[in-house]
Structures are given as structure tokens and as C-alpha cells.
Amino acid sequence: MNFETYETDDFFDELFDNQGHSRDSAKLLVNAIESLADGDLLKRQEASERAMHSMGITFNVYGSDEGTERTIPFDIVPRIIDGAEWDVVEAGLKQRIKAVNRFIDDIYHDRNIIADGVIPEWIFTSSKGYLPQCQGLNPPKGVWAHVTGTDLVRDDKGTFFVLEDNLRVPSGVSYVLLNRTLMKRNFPEVFHKSHVRRVVDYPDQFMKMLHHVAPEGIDRPTVAVLTPGVYNSAYFEHAFLAQQMGALLVEGHDLVYDGKYVCARTVEGLVRIDVIYRRIDDEFLDPEVFREDSYLGCTGMMKAFREGTLTLANAPGTGVADDKVVYAFVPDMIKYYLGEDPLLPSVPTHLCCDDEALEYTLDNLDKLVVKPASESGGYGMLIGPKASQKERDAFARALRKDPRNYISQPTLSLSRAPVVVDDHFEGRHVDLRPFILHRGDDSYVLPGGLTRVALKKGSLVVNSSQGGGTKDTWVVDRKTGLEVA
Amino acid sequence: MLLSRVADNIYWMSRYIERASNIARFLEVSYQLNLDHSSLDEEQWGPLIEITGDRTLFEARYGAPTRDNVMHFLMFNPEYPNSISRCLSTARSIAKGMRETVSDDMFREINALGKRVPEATREKAHFHTRVFQLCREIKRDAMLIEAMASETIERGQGYHFWRVGRYLERADKTSRLLHVKYFHLLPHLDAVGTPMDDLQWSAVLESMDAKETYIRTRGLITPDKVVDLMVLDRGHPRAILFCLNAVLESLYRITRDKSEKPHEILEALCKKLSAMSAKDIVEVGMNEFIDDLQLSFNEVNNAIHTHFISPKAVTAGA
């Protein structure tokens, strides 16, 4: 299979420049693919999919028959990011997460940023993610958002933009690690020569971070991953992370609060848990404080968190910054808290609560992307240029009814990357979700991250819940990479 | 540190795999044995249903215990919780719910084994050939999984729950097999000692992989010597006493406290069996002996559950 007929059209392509030449950092890979015997690439792709089934890397499809198991489609052509370019992104992400953590801490304490007039007060009082129960709390090392999966996109000039910060329970990192395992198996030689930055130590970095933020005075903390259970679509990831980190994988009913500590029920009786990496939303954590009908969490968990006998990652209340309205202010936060200019641009954002912005949005619905402020997973958004008049009219009504709940942004011309379609390559839109582990004094950024692909031709929606697939992402250090070629 | 929920899952996953592989053994040997009969009328499939203890269930659904009915019931029936198909898919879904505990290799095998029977129904092989082949594959794969468990899992509490489940299930199935041979396989008492009787004993031994051991250590087939091997042998891995000793050993590895209820019951049972001879058993009466055994197995199972899985000490706000 070769790239002779491959068209980049007018998009920024991750592997080829607009003349159709492979980018320097992608040369090795492109040559390797083109030198494969006919059908070989497809064979490797199929082998990868089989491997995913046998490893049980499947998710249950909601609402379908029992036993319907699917794998997230995996495209075998990796997406390549130049190492020097990545260094800038990495620095930008660290800067951003640092500022966001300072912001959350400020909101739950003195709210200096509001007192100083940088951010209007209503943006947190009306935010769904704000939890009054967390007011005045001090999570260890001042960290609220321990794990972040920030979504990045590239526009038609190849500039990286931050699309949104997923600060609550971002998922997908297991696919980064598994895709890498599959690629090492499929392209060992190219992989070796390409000097790809490694991702394999992510679980180790994760565990170190969790130890670092454990309650004071605990030498060897007991760490657990809290999952809603086997029927959750991300269950595989929860189990995978627990296994790779050497943490306990617990469900709500495994936990009990003994009056001081949150403990796990074990064959030897109750054992204290010190740190919980939770993969359930705030509202399910503790039926005594939040939703009474929740069986996913444990009564007393918030007490333990408040009294400091338990660290929760991410901390409850972090969602206050995971809001598309708050997003618009992150550049201001960076300046305010760190006194620096943002290294990574945000997408220009119109807050529909502002009358002028609302009118502008309504007038330009056919050009803009409109998103609800606090939804995730790509649900409930309008992609103006792709929508019908009827859909736009319906959205206009929703906008007028609840303007605070919406933002609008220009439709970016997302970058593309080649994917295998039958016996040839076609360009598909991609985004990137890097994972950032924050420990207070410093952050670790997983080199690359999860590249999600909108597999439907022309589609801009990359979410796995809506037919997206994934690719391995190689951050390639070019200087050494080219010598061998 | 082992969560109670996970301990329970390991225990049952292990039991279900062992159960499936035992039923596969019985099916395979029955099939072989019945090939030596000259007509279909002479074939005996009913006793296999007796082993399961679910005769009423079978009759309600199938009626007569014909070869095909029994094969379908035990191998394929998706509604019958103890069919091979269901046992294996249950084990598979348990494994999916605790894959952080199972080693990757083991998970892959259990995952594949759980899909084996439903997948086989799509193959075009002749029904009997297929059942026969499946039995062999399941037996082999269960042993492979066992080997993986023993080669990839550290000897912690999890491993010992796995072992407790397997050997308790095996002891139970061996006792049922013995029971069935005594009460259902030979319809007339005057047939005892006939060539058919010998043939059946020999089949029983074969389904336990014990035929060669028997011949080597005990010579010609006599019922009390078979009982001696199946019940009282300490060295044969499918003999009841061997299995119970293994369970006890693992219980002590899980916790050393001798005063625990499951330990107590088992300790007493092992002591009792150790002091018996095959002649004692036959004289007490096989029926009563096996009934007692089964009651003890249930008691052990319940004690394990109350003690480790839902212990009373674990209460909120204590």
C-alpha cells in the first residue's frame, strides 16, 4: 500500500506537507509503510484488532444485547509529532494545569481573582461543578486536579489550540499504553529507529504522584482505584490502571467508613485506604452528602476527605474549572497567578450570557460550533456548518432560553491524518488528548497522548461514544531519528 | 491484601472451570463406554444426569435421557446454570470483573474458553464428533489454565482461594461419580462382578485419569479397591482425601488461625477419612457415606462464605 493517491486536500495533514511530501519526522514511517508487501499492512491491522479481542479490551455497548462487545477501532498508521514542537506543547500544558489548580484553590478559599476583578463572580456560582461543601478545604500539596486530559486540536496552519480541559474523570490513557504495545509488536524496526518518546512508565509516574499527595505521615499509603463496576464502559481502563499501578480495584460496596477512615472489606477484615483515584463523578461519591440514591460511592467518604484521612484524586469540586465558560478565562488565570503569557492558545470563545455575544452567535449559527457549558463526551453540541436549518432553529431557541449554559466558537478546520480505508489511505480529522499528572510542585506530561480519529468521512466528532477511533501517537526526536534513515 | 468480593469471585471462577472440566470428563467417558454397546437401547445416559443432581430440571425440559438430549443438556444448554457452556461463560464474566487480579495469560485463556462452546455451535462438524472434541479441548484448556495459575500467580491469598475452589469442587464431583456408579449404572444387583461391571468401573477410573494408577498400584479391578483409590488415596490428585487435604492446606495459607470455622470442619473430616478403610465405607453403606460427605462439603462452602466473604465483624460505623 502506498501514499501515491493520498490527498491532503486543503487541510493541515499530520504526516504530509501541502506539497504531498512526508514531513521530516514522518519520513521513516512513510518509507517503511510503502516498502511493505501488498496486503501486509492490512494483515497487521487485523492482527492488532484480534489482539484487542483476546486481551478483552472491549467495551459494552449501552442498550444493546448482552454479549455485544466491541473494540474501539484502532488505526494502524501512527500520528507523528515532532519532538521540538512537543516541548512547547508540554510546557504550555504544565503552565495551564498549574494555573488551573491555583484557580480552584482560590475559588474554594479567598477568591482573590474575583476580588481583583479578573473574573466575574457569577461564573462559579452558576457553575454545575462548584461544590459549596468543599469551601475552605485544603487537599494535600494544594492539588485539586491530579489527572487532567486536556483536548488539543490543530487548525489549518498546524497551530495547536486547547479545546477543553477534562478535569473530572478523563479517560483514554489505557488506550495510549495498549496502542503502543500493539505498535511495538507491529513495527518493531521503524519504532526502534524513530526514537519515539516512551509512554510505558505512565502507571509508575501515576503511582508516585498518588503517593506524593497521600495524607500526611503515611509512609506507604494504600491506594485504590474506585470504579462504578464491570458494566461501566471504561471498566477495562479502571482495571488496567489498577493492575499496572499495583493498586486495589474497589467498588463502592467494598468500602466502609469506620468513623475515622475509609476502609476496604478484605478477607482479613477492614483495611484502611489512604488514597482513592476515583473514576466516578462527584455526585456519586457519598450518598450522605450528594445523591442519596448512589450505590457507587461510600457513606462517610466526604467526611474522611474533609478531615484529611483520605486523599481523593481528583478532588471533589474540581469540576468548577471543567466548564466551558470558565475555559474562556484560563488565559487570564495564567497571567494572574503565574504572571506569564499563555504558551498554548485557546480557541476564541463567545460567552452567550453576554448579550452581544449571544446576538453574534445567533446571527452566525451557520459558521460556529455551539457547546453546552458543562457537558462532556461531545453530547448536545451543534456544529453549525454541518447542521440543518431545523437543527439550528432548535438550538437558537435553547440558546435564548438558557444563554449561561452555552458558549460558541469558530469552527476550526481540524487537522487530518491518513487512516487505512479498505485498500488505500484517506485523510480523517484528529484531535489529541495528552494526560497530565499534577503533584503541586511539578507536573508530568505523557509524551503524545491519545489521538482520536473521526472515522466517518468528513466528520469532526472524535468521541469513542460517537464512532471515533484511535491511533498511536509518536513524539519523535528528529535529530537522531533521521540519521538512521 | 485481598478484597472479600475478589476472594469470592476467585473461588467461584475456579469452581466453575473445574465443574465444566469434570462434566466434560464424564461426558467423554460415557460416550466411549456407550460405543461398546451394540444397540442404542442398551446405552445408558440417565446416570450422567444423576451426577448433576438436576434430574427434575432435565426431565421437565427434555423428557427421556437419550444420548442427544443428555449431550445437549450438559454441553450446550444456555439456560441450565451447570451446563458446560454456562459454567465457562460464567467463569469468563467473573474474570472480566476482576482482571486486575488475574494474570494476563490466564485472562486470555479464560476469555477464550468462555467463548469456546457458543463458537463451536457455528462449526459444521457432526454433532457427536463435536461434543467429543469439545470435551477433550475443555479438559485440556482447564489444565492449561491451571498450569498458568500455578506458574503466574504468587502464592498469596488469591492463589489459595483459587485452589480451595478447585479442590472442593473436584471432591464433590468425585463423590457424585462414585455415587452414580453404585446406584444407577448397574440396574440389577446380580450383575455385580460381571464383565459389564468391570467395564464400568474401568470407565469411572478413566474419567478420573486414574486407570493406570489403579492397575499399577492395585492390580485387578474390585469395587472396594476402587473406593480405596477414589476416596482414601492421599497421592492421587482426584481422590477425595487428596482434594480435602489440599483445601485444608490452602485454608491455612489464607489464615493460620486454627479456630476458624472452615478449618475446623475440614480438619475433622480429613481426620475421619484418614482413619477409615474402604471396607469401613462399604460397610457403613455407600449411600449414607456419600450423603454425609456432601453435607460436609456444603458446610465448608457456607463456612468459607460467612467467614471470609461476608464476615459479621465488617459493619459500618463499628
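Residues numbered from 1 in each chain as written. Chains lettered and ligands numbered in written order. Predicted model: local features only at pLDDT ≥ 70, side-chain atom pairs only at ≥ 80, totals over all residues. Heavy atoms only, no water.

A. Spotlight on the overall build of chain A. When its secondary structure is counted, chain A shows 15 helices and 22 strands. In summary, chain A has a C-alpha radius of gyration of 23 Å against a globular reference of 23 Å for 485 residues, a match within 12%. Along the three orthogonal principal directions, the C-alpha set of chain A runs to about 65 × 60 × 50 Å. Classification of the 485 residues of chain A by burial places 58% in the buried group. Pairs at least 24 apart in sequence give 70% of the contacts found in chain A among residues at least 6 apart. Side chains of chain A give 54 positive and 74 negative charges; the mean places of these two sets differ by 1 Å. (Helix = DSSP H or I, 4+ residues; strand = E, 2+ residues; numbered from the N terminus. Rg over C-alpha atoms; globule rule 2.2 N^0.38 Å. Buried < 20%, exposed > 50% of the residue type's maximum accessible area, 1.4 Å probe, protein only. Contact = heavy atoms within 4.5 Å. Lys, Arg positive; Asp, Glu negative; His and termini not counted. Charge placed at Lys NZ, Arg CZ, Asp CG, Glu CD.)

B. Fine view of the overall build of chain B. Within chain B, the regular secondary structure consists of 15 helices and zero strands. On the principal axes, the C-alpha backbone points of chain B span a range of 65 × 50 × 40 Å. Residues counted as buried form 57% of the 318 residues belonging to chain B. For chain B, long-range pairs separated by at least 24 residues make up 66% of all intrachain contacts whose partners lie at least 6 apart in sequence. Total accessible area on chain B is roughly 14000 Å²; 51% of this is exposed by carbon and sulfur atoms. (Areas by Shrake-Rupley, 256 points an atom, 1.4 Å probe, with all protein chains shown as cover.)

C. Looking closely at the sheet that holds strand 8 (residues 255-257) of chain A. Residues and elements named next belong to chain A. Spatially, the three strands line up as an open sheet ordered 8-9-10, and their pairing is antiparallel. Two strands close off the open sheet at either side, each with one partner strand: strand 8 and strand 10 (269-272). Between one strand axis and the next, the sheet turns by 40° as a mean value, whatever way the strands run. (Pairing = 2+ DSSP bridges. Axes fitted to C-alpha atoms, helices over the stretch in contact; angles between N-to-C directions.)

D. Geometry of the packing of helix 13 (residues 261-274) of chain B against helix 15 (residues 286-309) of chain B. Residues and elements named next belong to chain B. At a minimum axis distance of 8 Å, the contact between helix 13 and helix 15 shows a crossing angle of 155°. By the criterion of interaxial angle, the relationship of helix 13 to helix 15 is roughly antiparallel. Relative to helix 15, the crossing made by helix 13 is left-handed. Contact with helix 13, carried on its side by Lys261, Pro262, His263, Ile265, Leu266, Leu269 and Leu273, involves Phe289, Leu293, Ser296, Phe297, Glu299, Val300, Ala303, Ile304, His307 and Phe308 of helix 15 and no other residues of that element. Residue composition of the contact of helix 13 with helix 15, by class: twelve nonpolar, three polar and two charged. (Parallel < 35°, antiparallel > 145°, perpendicular 65-115°, else oblique. Left-handed = near helix turned anticlockwise from the far one by under 90°. Nonpolar A, V, L, I, M, F, W, Y, C, P; charged D, E, K, R; others polar.)

E. Region of the structure containing the interface of chain A and chain B. The partner chain B presents 26 residues to the 29 residues of chain A that form the contact. Considering only the surface of chain A that becomes buried against chain B, Gln243, Arg265 and Val267 of chain A emerge as the three largest contributors, covering 25% of it. Put simply, chain A and chain B have two salt bridges between them. Ionic pairing is found between arginine 5 of chain B and glutamate 251 of chain A, a salt bridge with its closest N-O pair at 3.3 Å. In this structure, the connection of chain A to chain B is made through eleven residue pairs in polar contact (both at pLDDT 80 or more). When residues of the side of chain A that touches chain B are traced back to their parent elements, those giving at least two are helix 2 (40-54), helix 9 (235-245), strand 7 (248-250), strand 8, strand 9 (262-266) and strand 10 of chain A. Per-element accounting of the side of chain A that touches chain B gives the leading share, five residues, to helix 9 of chain A. Residues of the side of chain A that touches chain B, tallied by class, amount to 15 nonpolar, eight polar and six charged. (Buried area = accessible area lost by both parts, 1.4 Å probe. Salt bridge = Lys/Arg side-chain N within 4 Å of Asp/Glu carboxyl O. Polar contact = N/O pair within 3.5 Å; in protein donor to acceptor, adjacent residues only side chain to side chain.)

F. Quick look at the sheet that holds strand 6 (residues 223-226) of chain A. Residue and element names in this part refer to chain A. The parallel open sheet is built from four strands, whose spatial order is 7-6-11-12. Unpaired on one side and paired on the other, strand 7 and strand 12 (311-313) mark the two borders of the sheet. In this sheet, neighbouring strand axes are inclined to one another by 25° on average, regardless of whether the strands run parallel or antiparallel.

G. Main features of the environment of aspartate 254 of chain A. Relative to the assigned elements, aspartate 254 of chain A resides in the loop between strand 7 and strand 8. Residue classification places aspartate 254 of chain A among the buried positions, given a relative accessible area of 2%. Setting aside residues up to four positions removed in sequence, aspartate 254 of chain A forms contacts with Leu249, Cys263, Ala264 and Arg265 of chain A together with Leu3 and Arg5 of chain B. Here the side chain of aspartate 254 of chain A touches arginine 5 of chain B through a polar contact of 2.6 Å, side chain to side chain.

H. Geometry of the side chain of threonine 309 of chain A. All names here are of chain A. The residue threonine 309 is located in the loop between helix 10 (301-307) and strand 12 in this model. Overall, the relative accessible area of 9% leaves threonine 309 in the buried class. Once residues lying within four places of it in the same chain are set aside, the contact partners of threonine 309 are Pro215, Lys260, Tyr261, Arg272, Ile273, Asp274 and Ala304.

I. Structural view of unusual backbone geometry. Residues and elements named next belong to chain A. Residue asparagine 314 is reached from alanine 313 by a cis peptide bond, and omega for that bond is -10°. Along the polypeptide, asparagine 314 turns up in the loop between strand 12 and helix 11 (324-327). A positive phi angle, close to 50°, is found at aspartate 9, a residue other than glycine. Tracing the chain through its elements places aspartate 9 in the segment before helix 1 (27-34). The phi angle at arginine 111 is positive, at roughly 55°, despite the residue not being glycine. By secondary structure assignment, the location of arginine 111 is in the loop between helix 3 (83-107) and helix 4 (112-115).

J. Spotlight on the confidence of the model for chain A. When the pLDDT values of chain A are averaged, the result is 90; 95% of them are 70 or greater. Between residues 481-485 of chain A, whose pLDDT stays under 50, and residues either more than four places distant or in other chains, the model counts seven contacts. (pLDDT = per-residue confidence, 0-100.)

K. Main features of the packing of aromatic side chains. Enumeration according to the criterion identifies 23 aromatic pairs over all chains in this entry. Here phenylalanine 76 of chain B and phenylalanine 127 of chain B contribute two aromatic rings whose centre-to-centre distance is 5.9 Å and whose plane-to-plane angle is 35°, an arrangement assigned as tilted. Highlighted residues: phenylalanine 76 of chain B in helix 4 (residues 67-76) and phenylalanine 127 of chain B in helix 7 (residues 127-152), separated in sequence by 51 residues. Assessed through its relative accessible area of 22%, phenylalanine 127 of chain B is described here as partly exposed. By way of ring pairs, the aromatic residues Phe3, Tyr6, Phe16 and Phe425 of chain A are connected into one cluster. Note that arginine 61 of chain B overlies the ring of tyrosine 62 of chain B, its terminal NZ or CZ placed 4.9 Å from the centroid. Sitting over the ring of phenylalanine 107 of chain B, arginine 99 of chain B keeps its end group 3.9 Å from the ring centre. (Phe/Tyr/Trp six-rings, centres within 6.5 Å; stacked < 30°, edge-to-face > 60°. Lys NZ or Arg CZ within 6 Å of the ring centre and 35° of its normal.)

L. Representation of the pairing of strand 16 (residues 406-410) of chain A in the model. Residue and element names in this part refer to chain A. The buried count for strand 16 comes to four of five residues, which makes it a mostly enclosed element. Here strand 13 (residues 350-351) runs beside strand 16; their pairing, made up of two bridges, is antiparallel. Pairing of leucine 351 across the sheet is with isoleucine 407, part of strand 16. Examined bridge by bridge, strand 14 (residues 368-372) and strand 16 share five bridges and lie antiparallel to one another.

M. Region of interest: the environment of glycine 165 of chain B. Within the secondary structure layout, glycine 165 of chain B lies in helix 8 (residues 157-185). Aside from chain neighbours lying at most four places away, what touches glycine 165 of chain B is Tyr11, Ser14 and Arg15 of chain B.

N. Just the side chain of arginine 238 of chain B, in detail. Residue and element names in this part refer to chain B. Mapped onto the elements, arginine 238 comes out in the loop between helix 11 (223-232) and helix 12 (240-254). There is a polar contact of 3.1 Å between the side chain of arginine 238 and the side chain of glutamate 18. If sequence neighbours within four positions are ignored, arginine 238 has contacts with Glu18, Asn22, Arg25, Arg170, Thr174, Met208, Met230 and Cys243.

O. A look at helix 12 of chain B. All names here are of chain B. Look at helix 12: 21 Å from first C-alpha to last across 15 residues, which is about the 21 Å you get at 1.5 Å a residue. Most of helix 12 is tucked away: eleven of the 15 residues are buried. Turning to helix 12, its buried residues number three or more, namely Ile240, Leu241, Cys243, Leu244, Ala246, Val247, Leu248, Ser250, Leu251, Tyr252 and Ile254. (Expected span 1.5 Å × (residues − 1).)

P. The confidence of the model for chain B, seen in detail. Residues and elements named next belong to chain B. In the predicted model, chain B carries a mean pLDDT of 89, and 93% of its residues have values of at least 70. Taking the mean pLDDT of every element in chain B, the minimum, 85, falls on helix 9 (residues 195-207) and the maximum, 96, on helix 12. When the criterion is pLDDT under 50, residues 313-318 qualifies, and its contacts beyond four places in sequence or with other chains add up to eight contacts. In the predicted complex, the global pTM is 0.88; the interface-specific ipTM is 0.84.

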